[in-house]
Amino acid sequence: MVSVLTLAWQTIRTRLGGFAGAFIAILCGTALVAACGVLMESGLRAGVPTQRYAAAAVVVGGARSVHPPGADALSTEQVGEQPPVPASLAGRIAAVPGVRAAVPEQSFPAHVVTRDGRVLADRESLGHNWDAAVLAPFTLRGGTAPAAADEVVLDADLARRADVGIGGQVRITTRSGPVPFKVSGVVDGLSRQSAMFFAPGRAAELAAQPGRVHAIGVLADPGVAPETLAERIRGVAGDAEVATGVERSSVEFLDVGQTRVLLLAIAGSFGGFALLVAVFVVASTLALTINQRRREFALLRAVAATPRQIRKLIGTETTLVALVAGVLGSVLGLSVASGLRDAFAAIGVVPADFGLAISPLPLAAAVVLGLGAARLAAWAAARRPSSIRPVEALGEAAVERRELGRGRLLTGWGLVAAGAGGALVPLFVRGEAAAAVSTMATLVVVIGLAVVGPQVTGLVTRVLVPVLARTWRISGYLAGANAHANARRVAAAVTPLMLAVAFALATFYGPTAMTSAAQQESARSTTADYVLTAPGGVPPEVAAAAGRVPGVAAATPVVRTSVVTATKVSDSVEVQRTPAQGLAGDRAGAALELGVDAGRLTDLTGNAVALSRSEADWLDKKLGDEVEFYFGDGVPAKLRLVATYTHDLAFGDFVLPVALAREHIGGRLDDSVLVRREPGADASAVASALKAVSYPGLVVAPAAAAASGAGGEQQAQFYLNLVAAGVIVGYLAISVANTLVLTTAQRGREFALLRLVGTTRRQVTRMMRLEALTTVGIAVVMGTLVALVPLALLNFGLRGSLVPAGSPLVYAGTISGAAALGMVAIGVATSVALRARPIDAIGLRE
């Protein structure tokens, strides 16, 4: 073992340039995996500092996830709306030993209306009961606590922006039009939200959740540890969630809990892609490095080295390089994780103040995974040099082996066939599943082509050789002959560049197809003429008022929410959250065309539900059947199916009665109101009358604005994918440059020999430019075709068009970037290799 380790170390020291490529590939791959590990740990342990509950040792809130009966421990789904908690629970908690006080907190949307009619809704603004102010604690700067029903306490920042002082009058909207209140006092403000406090009875009335509260804050007796108190409270809390420390912010802010789940999902999927790409890139780089040492391994086999010794030597070399690169890469992963968090915050996916949880565990895991990936790649790359028979060693070293093994050919073309089959799935399946399968099909085809890369590039270069020779004579002939004779080297250079092109195109244009399909379907399905919106939401009374405007045929309130479904699949329960809409069934048909194919929307009242045709088929439900699911706040539902529809991309899989949907969202407000004119009514007169509807901040816009805003979740997912893909493509770009430089820099003796037999420096440079053009051209064409076929089928399945949705400038930029990267990397490496005098370079060891 010591002799192999010594030999491996000496080899690395004398071949630093050769191992640099593998070192960079492992370093960057480990950094990506470490970053994903940090994000995953942050999804489990991180959050934002609590604000309203800073003085509370323990906070008890509603269950933030749904865990259906029969589901395993991991089959849970985060709720989409704020879950309440029974107010009666406060009495049971107050009786727990160590509890000084259990304070219920009401929390509901409340916005100040300024004197000029503006609604202060630039950030979250909430109303609360004054007795919950002790949980922060909020301290009066001046004035008195609210005692009467018409009194309110504002935070200092809100009072300043509203330009109102103690004793002044302020108008506040909650679930109805603005109501005047007297400012009885002012408290310190919060950085993340605006707060206002009402008398307890008035707050309960405005919250409109009888018997339920947002959360219960627990003040502890002196000397009682929060963790100890939380354990005692869990014994009486039932299904409610008990939080301490940073977990309290998940009860206070719904987006914090959703961010944690999102980070877990991102880290899982993105980390899997990163690890797969890392293995792929490291294997390609190691194979290239080992292939360039054919003479060395041939000589070892000729002097009686066994295949096992060759494999052990390569494995030991790889382990030493991977350990150093892995440790440095895991540290670099901290910066990558921080950059990803900042990027996600910039696109609004995670809160800007969401912190990262850092510990040695994800870094150590990244080192282990990076080492495992490198050893796996080394095992795959070491099979060929270790299997050379001693008698064939020198011959094998002289000429690159052309044919591929039967197992490799079957594996590669099998993957290509499997990917091609996966690309057909969007013709039969709609929605996000189709886009996910399409992207995966692209990656499977790329991996398959990489496995049979030498065969494919050999066929392509065989066609290109005569073309290059006729066009550029000596340089063209040399470039074509080199590419044809060294198909494995060309394949090693083409593969990462092809992967980068295909991955970038699939990741960008796949989500774009979903967003475009949702917007097109929404535009076709929206028959309304106007959409009414307001900051913070629209109270139900606006739809009623709009319906009374002369010339209005119908005014339909719209509530956007989500539901959680639990479907038994084989022996497991599949739990997922899906978008849902709340509509007024008796008026929905006048403003929206859902593509109803069974039942009637007018029956959508009371405890009824409408399902998309695909969801009804998946759940095996027919008209009149009971449909079981969970509302957005986690409350179980059992509703009767009254209609099915086909326009699910625009409206989601569930449509609920609007009154029922309002009961299970925190603000009890509508997202918008769709208005349709009566035939022949004057458009400008109706628009003017709608603008006159008395509600602060009400915006009247053409209904096309509602259609263009469809697919909001897909748009957010698109930006999320774009950031993640940018990191992967960045890694691939480094790998591409790394591989191209490595393949070119090792050809110093070849260039010297060409120079000594009369080839000019200019001819060698032109030869390499043509080789670079060939390499880039093959990679771009193959990468485009590999991505284009699944994307065309995806767009045809979703939109009825084979042309991918999205800006062609992205494709042009991707191709230009790939071409520039390839040409510059090969050009720089060639220039460096040609600096040495031919007579000196010809004597260098290969």
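Residues numbered from 1 in each chain as written. Predicted model: local features only at pLDDT ≥ 70, side-chain atom pairs only at ≥ 80, totals over all residues. Heavy atoms only, no water.

**Student:** For the overall build of the protein, give the residues involved together with the corresponding values.
**Tutor:** Helices and strands together make up the secondary structure of the protein, namely 28 helices and 26 strands. Relative to its full complement of 846 residues, the protein shows a buried share of 54%. Counting only contacts in the protein whose residues sit at least 6 apart along the sequence, the fraction spanning at least 24 positions is 82%. Of the roughly 35100 Å² of accessible surface on the protein, a fraction of 61% belongs to carbon and sulfur atoms. Here the protein holds 73 positive side-chain charges and 61 negative ones, and the gap between their average locations is 15 Å. (Helix = DSSP H or I, 4+ residues; strand = E, 2+ residues; numbered from the N terminus. Buried < 20%, exposed > 50% of the residue type's maximum accessible area, 1.4 Å probe, protein only. Contact = heavy atoms within 4.5 Å. Areas by Shrake-Rupley, 256 points an atom, 1.4 Å probe, with all protein chains shown as cover. Lys, Arg positive; Asp, Glu negative; His and termini not counted. Charge placed at Lys NZ, Arg CZ, Asp CG, Glu CD.)

**Student:** Go over the state of the cysteines with me, naming the residues and quoting the values.
**Tutor:** Within the structure shown, the criterion is met by zero disulfides. Counting only cysteine sulfurs, C36 is the nearest neighbor of C28, a cysteine outside any disulfide, at a range of 14 Å. Accessibility expressed as a relative area gives 14% for C28, which makes it buried. (Disulfide = S-S within 2.5 Å.)

**Student:** Hey, could you go over the packing of aromatic side chains for me, with residue numbers and the actual values?
**Tutor:** A ring pair, where both rings are aromatic, is described by two values, the distance of the centres and the angle of the planes. The final tally for this structure, using the stated rule, is seven aromatic pairs. Centre to centre, the rings of F138 and F197 are 4.8 Å apart; their planes meet at 65 degrees, and the pair counts as edge-to-face. You can see F138 sitting in the loop between β8 (125-129) and β9 (140-143) and its partner F197 sitting in strand β13 (residues 194-198), a full 59 residues away along the chain. Just as F138 is buried, F197 falls in that class too. Three or more aromatic residues link up through ring pairs in this structure, and these residues are F108, F181 and F198. Its guanidinium or amino end placed over the ring of F253, R192 lies 4.3 Å from that ring's centre, counting from NZ or CZ. (Phe/Tyr/Trp six-rings, centres within 6.5 Å; stacked < 30°, edge-to-face > 60°. Lys NZ or Arg CZ within 6 Å of the ring centre and 35° of its normal.)

**Student:** Requested: an account of the side chain of R341, with residues and values cited.
**Tutor:** Structurally, the position occupied by R341 is in helix α10 (residues 307-346). Look at R341 and you get buried, because its relative accessible area is 18%. In this structure the side chain of R341 is engaged in a polar contact, spanning 3.0 Å, whose partner is the side chain of D342. Not counting chain neighbours up to four residues away, the residues in contact with R341 comprise V350, F354, G355 and L356. (Polar contact = N/O pair within 3.5 Å; in protein donor to acceptor, adjacent residues only side chain to side chain.)

**Student:** Can you lay out the pattern of salt bridges for me, pointing to particular residues and giving the numbers?
**Tutor:** Counted by the stated rule, this structure contains 25 salt bridges. For the salt bridge of R64 with E241, the shortest nitrogen-to-oxygen distance reads 2.6 Å. Of this pair, R64 sits in the loop between β1 (58-61) and β2 (65-66) while E241 sits in strand β16 (residues 241-243), placing them 177 residues apart in sequence. Neither R64 nor E241 differs from the other in exposure class; each is buried. Notably, a salt bridge pairs D586 with R587, separated by 3.6 Å at the nearest N-O pair. Its relative accessible area of 30% is what places R587 among the partly exposed residues. Each member of the salt-bridge network shares a partner with another, and the members are D122, R123, D157, R160 and R161. (Salt bridge = Lys/Arg side-chain N within 4 Å of Asp/Glu carboxyl O.)

**Student:** So what about the nonpolar core? Which residues, and what values?
**Tutor:** Core analysis: the largest hydrophobic core is formed by 100 residues, its most contacted members being F270, V282, F344, L449, I728, Y731 and L732. Non-local contacts of L732, meaning those with residues more than four positions away in its chain, are made with V277, V281, P496, L499, A500 and F503. (Core = buried A, V, L, I, M, F, W, Y, C linked by side-chain atoms within 4.5 Å.)

**Student:** Could you give me a rundown of a nonpolar patch on the surface, with the residues and numbers involved?
**Tutor:** Together, L424, L427, F428, V429, F796 and L802 make up an exposed nonpolar region whose accessible area comes to about 590 Å². Mapping F428 onto the fold places it in the loop between α13 (406-423) and α14 (432-451). (Patch = residues over 30% accessible without salt bridge, like charges linked within 9 Å, V, L, I, M, F, W, Y side chains within 5 Å.)

**Student:** Let's hear about the confidence of the model for the protein: which residues, and what values?
**Tutor:** This prediction gives the protein a mean pLDDT of 83; 92% of its residues lie at or above 70. The least confident element of the protein is helix α12 (residues 393-398), whose mean pLDDT is 49; the most confident is strand β10 (residues 151-155), at 96. (pLDDT = per-residue confidence, 0-100.)

**Student:** Which residues make up the packing of α14 against helix α26 (residues 761-799), and what are the values?
**Tutor:** In a packed pair of helices, the relevant descriptors are the angle between the two axes and the axis-to-axis distance. Two numbers describe how α14 lies on α26: the axes approach to 9 Å, and their chain directions differ by 155 degrees. The pairing of α14 with α26 is recorded here as roughly antiparallel in orientation. For the element pair α14 and α26, the recorded crossing hand is right-handed. Residues A434, A435, S438, T442, V445, V446 and L449 of α14 form the contact with α26, whose participating residues are M782, V786, A787, P790, L791 and L794. (Axes fitted to C-alpha atoms, helices over the stretch in contact; angles between N-to-C directions. Parallel < 35°, antiparallel > 145°, perpendicular 65-115°, else oblique. Left-handed = near helix turned anticlockwise from the far one by under 90°.)

**Student:** Tell me about the pairing of strand β23 (residues 636-645), residues and numbers included.
**Tutor:** Remark: a regular strand shows side chains that alternate across the two faces of the sheet. Among the ten residues that make up β23, seven are buried, leaving the element largely enclosed by the rest of the structure. As defined by bridge partners, strand β20 (residues 596-599) adjoins β23 across three bridges and the pair is classed as antiparallel. What sits directly across from A598, in β23, is T644. In terms of strand pairing, strand β21 (residues 608-612) meets β23 through five bridges, oriented parallel. Along β23, the bridge assignment pairs S612 with Y645. Relative to β23, strand β22 (residues 626-630) runs antiparallel, the two being bridged by five bridges. For E626, the partnering residue across the bridge sits in β23 and is R640. Count of turn residues in the β22/β23 antiparallel hairpin: five residues, of which G634 carries a positive phi of about 90 degrees. (Pairing = 2+ DSSP bridges.)

**Student:** So what's going on with the packing of α26 against helix α27 (residues 808-833)? Residues and values would help.
**Tutor:** Contact geometry of α26 with α27 gives a least axis separation of 9 Å together with a crossing angle of 150 degrees. One element, α26, and the other, α27, form an angle in the roughly antiparallel class. For the pair α26 and α27, the crossing hand works out as right-handed. In contact with R761, M768, R769, A772, L773, V776, V780 and T784 of α26, α27 contributes Y811, I815, A818, A819, G822, M823, I826, T830 and S831. The residue makeup of the contact of α26 with α27, split by class, is eleven nonpolar, four polar and two charged. (Nonpolar A, V, L, I, M, F, W, Y, C, P; charged D, E, K, R; others polar.)

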